[in-house]
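Observations on chain architecture
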Amino acid sequence: MTEFSPTSVAIEKIFVHKNVSSALKLGQARGAAVVAAALKGLTIAEYTPRQIKKAVVGYGAADKNQIQHMMQVLLKLNGLPQSDAADALAAALCHAQTMRGLL
């Protein structure tokens, strides 16, 4: 079996709406992910929430439930993924589609 070796990482661009405290925490977590990827020599690809939603739902203003549902359908999951997990899967799927030239 061939081992999968990624060369890039998909990361969602930060979107600040109302909760500045959440944005700061997200920025710290995002920064840690960027540093970890960079230390491994991985290329970082950034996508806006709207780009990710459009890639997986077909609608850039999709809500969390729609993303969860599409991840379950597209990835043939037995159950609905948690919201954060669905977002991460959606970012990865958006990146895969972009790398294949589908977007």
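Look up a bit, the structure's there.
Now for a description of the structure that goes with this document. (Residues numbered from 1 in each chain as written. Predicted model: local features only at pLDDT ≥ 70, side-chain atom pairs only at ≥ 80, totals over all residues. Heavy atoms only, no water.)

1. Regarding the overall build of the protein chain
The helix and strand inventory of the protein chain stands at four helices and two strands. Along the protein chain, helices (α) and strands (β) appear in the sequence β-α-β-α-α-α when read from the amino end. The C-alpha radius of gyration of the protein chain comes to 14 Å, within 12% of the 13 Å expected for a compact globule of 103 residues. Its C-alpha atoms give the protein chain principal-axis dimensions of about 45 × 35 × 25 Å. Within the protein chain, contacts between residues at least 6 apart in sequence are counted, and of these 45% link residues at least 24 apart. Put simply, the protein chain shows about 7,400 Å² of open surface, and 58% of that area lies on carbon and sulfur atoms. Both charge centroids of the protein chain, one from 11 positive and one from 6 negative side chains, sit 5 Å from each other. (Helix = DSSP H or I, 4+ residues; strand = E, 2+ residues; numbered from the N terminus. Rg over C-alpha atoms; globule rule 2.2 N^0.38 Å. Contact = heavy atoms within 4.5 Å. Areas by Shrake-Rupley, 256 points an atom, 1.4 Å probe, with all protein chains shown as cover. Lys, Arg positive; Asp, Glu negative; His and termini not counted. Charge placed at Lys NZ, Arg CZ, Asp CG, Glu CD.)

2. Observations regarding the side chain of Asp87
Looking at where Asp87 falls in the secondary structure, it is placed in helix H4 (residues 83-99). The exposure class assigned to Asp87 is buried, which follows from its relative accessible area of 17%. At a separation of 2.4 Å, a polar atom in the side chain of Asp87 contacts the side chain of Lys64. Apart from residues no more than four positions distant in its own chain, Asp87 is found in contact with Lys64 and Ile67. (Buried < 20%, exposed > 50% of the residue type's maximum accessible area, 1.4 Å probe, protein only. Polar contact = N/O pair within 3.5 Å; in protein donor to acceptor, adjacent residues only side chain to side chain.)

3. Concerning the pattern of salt bridges
Evaluation of the coordinates by the stated rule reveals two salt bridges. Glu46 is paired through a salt bridge with Arg30; the nearest N and O atoms lie 1.9 Å apart. Of the two residues, Glu46 is situated in strand S2 (residues 43-47) and Arg30 in helix H1 (residues 20-39); the sequence distance between them amounts to 16 residues. Judged by relative accessible area, which is 40%, Glu46 ranks as partly exposed. We classify Arg30 as buried; its relative accessible area is 17%. One salt bridge in this structure joins Asp87 and Lys64, with 2.4 Å as the shortest N-O distance. With a gap of 23 residues between them, Asp87 in helix H4 and Lys64 in helix H3 (residues 64-74) connect regions that are remote in the sequence. (Salt bridge = Lys/Arg side-chain N within 4 Å of Asp/Glu carboxyl O.)

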